[in-house]
Amino acid sequence: MAAKLIKGAEVAAQIREELKKEVDELIAKHNVTPGLVTILVGEDPASISYVTAKQKTSHELGFYSIQDNQEPDITEDALLKLIDKYNKDPKIHGILIQLPLPKHIDSNKVLLAIDPNKDVDAFHPINVGRILIGNYVFLPCTPAGCQELINRAYGDPKGKEVVVVGRSNIVGKPMVAIMIQKKAGANSTVTCVHTGTPKDKIIEHCRRADILIVAAGVPKYIQGDWVKEGACVIDVGVNRIGISEKTGKAILAGDVDFDAVSQKAGFITPVPGGVGPMTITMLMKNTVLAAKAAAGLIKI
Ligand code: NAP
């Protein structure tokens, strides 16, 4: 393999170490303990495992942390009242609603009810707007994790050709908004390709990317000969492509043909173990930022 492997778990551990110091200092110097509530509706096993991991990390960092489990038949009204309670709770700086919600609840209505200053997922339209105009405190966790990986493993993306494959509201679009900012760690020339882009053009754009970020949800989509020699390839995709007979666990593949692309790229994230481990860590970072903003230590 020619490419250097970008180990997300190691970068995430390093960021958590930095965050722990920041949390200890916030508590000691300012008497501010970052507070996070994760709200889980129902008993979906994947959602349970996600909120458990989020709670575990927030405890490790010394947060004030609440896991709020609600019955699957909670009414939309009751859930909105619960959010309002946490919006008003000064000990809570971050509110995370684990998605998906049951069908009888309008997820958009629920996400809109979260105080934007406590919206640590950064999905609220106010935060989406703040990101676009470059006047933001927090960024959506997955694209923010990609930016950290690029900066820490590859280096300054200023002036580089960045190509983003995919334009979803949670990954592709915010990724574009982040990388075009006239800010340190960004300031790139950004192209976004999607299903509206003819395939030959997708390949053409990918081939000139210094940094290729792929979030299409198509297993092994990006081929070895679509990638520029030495490029940095960030594979966001997590696709279940089968079940292991040995372990009974899902076999995962990214959106990049790893074996072929890693021969050509200079840097590459594996799946699993690349972007995935960064997401929870960025949620923790956002909660610390929200706590600092609430205490007037940074401007929101
Ligand atoms: P999504 O909502 O399905 O969006 C996929 C995007 O890719 C859409 O914009 C779609 O275009 C585009 N696309 C689909 N097929 C394409 C093709 N053949 N060529 C070019 N563009 C194509 O998915 P998502 O939520 O952004 O997630 C993308 C992947 O990342 C998934 O595998 C997901 O599991 C993974 N993911 C991982 C993490 C993590 O923490 N590691 C977090 C979030 C998502 P249109 O807009 O035209 O339909």
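Residues numbered from 1 in each chain as written. Predicted model: local features only at pLDDT ≥ 70, side-chain atom pairs only at ≥ 80, totals over all residues. Heavy atoms only, no water.

**Let's talk about helix H6 (residues 141-154)**
The end-to-end C-alpha separation of H6 is 19 Å, in line with the 20 Å expected for 14 residues at 1.5 Å each. The buried fraction of H6 amounts to ten of the 14 residues, a majority that puts the element mostly inside the structure. Within the span of H6, buried status applies to Cys141, Thr142, Pro143, Ala144, Gly145, Cys146, Gln147, Glu148, Leu149 and Ile150. Contacts made by the buried residues of H6 are with helix H1 (8-30), helix H7 (172-179), strand E7 (211-214), strand E8 (232-235) and helix H10 (276-294). With its phi angle positive at about 125°, glycine 155 sits one or two positions after the end of H6. (Helix = DSSP H or I, 4+ residues; strand = E, 2+ residues; numbered from the N terminus. Expected span 1.5 Å × (residues − 1). Buried < 20%, exposed > 50% of the residue type's maximum accessible area, 1.4 Å probe, protein only. Contact = heavy atoms within 4.5 Å.)

**Re the nonpolar core**
As a rule of thumb, nonpolar side chains are buried together in soluble globular proteins. Core analysis: the largest hydrophobic core is formed by 46 residues, its most contacted members being Ile213, Ile234 and Val236. Listing elements by their share of this core, those giving two or more residues are H1, H6, strand E5 (161-165), H7, E7, E8 and H10. The element that contributes the greatest number of residues to this core is H10, accounting for eight residues. Here this core spans two domains, and each of domain 1 (30-124) and domain 2 (141-275) adds at least three residues to it. The residues contacting isoleucine 213, other than those within four sequence positions of it, are Ile150, Val162, Val163, Val164, Val165, Met175, Ile234 and Val236. Membership of the second largest hydrophobic core comes to 20 residues, among which are Val163, Ile203, Val256 and Val261. (Core = buried A, V, L, I, M, F, W, Y, C linked by side-chain atoms within 4.5 Å. Domains from an automatic or database assignment.)

**Quick word on the sheet that holds strand E3 (residues 64-70)**
Taken together, the three strands give an open sheet; going across it, the order is E3-E2-E4, and neighbouring strands pair in parallel fashion. The two strands at the open ends of the sheet, each matched to only one other strand, are E3 and strand E4 (94-97). Going across the sheet, the axis of each strand differs from the next one's by a mean of 15°, ignoring polarity. This element, helix H2 (residues 45-60), spans strand E2 (35-41), E3 and E4 of the sheet and lies at about 165° to E2. Sheet strands touched by helix H3 (residues 76-88): E2, E3 and E4. Its angle to E2, the strand with the most contacts, is close to 175°. (Pairing = 2+ DSSP bridges. Axes fitted to C-alpha atoms, helices over the stretch in contact; angles between N-to-C directions.)

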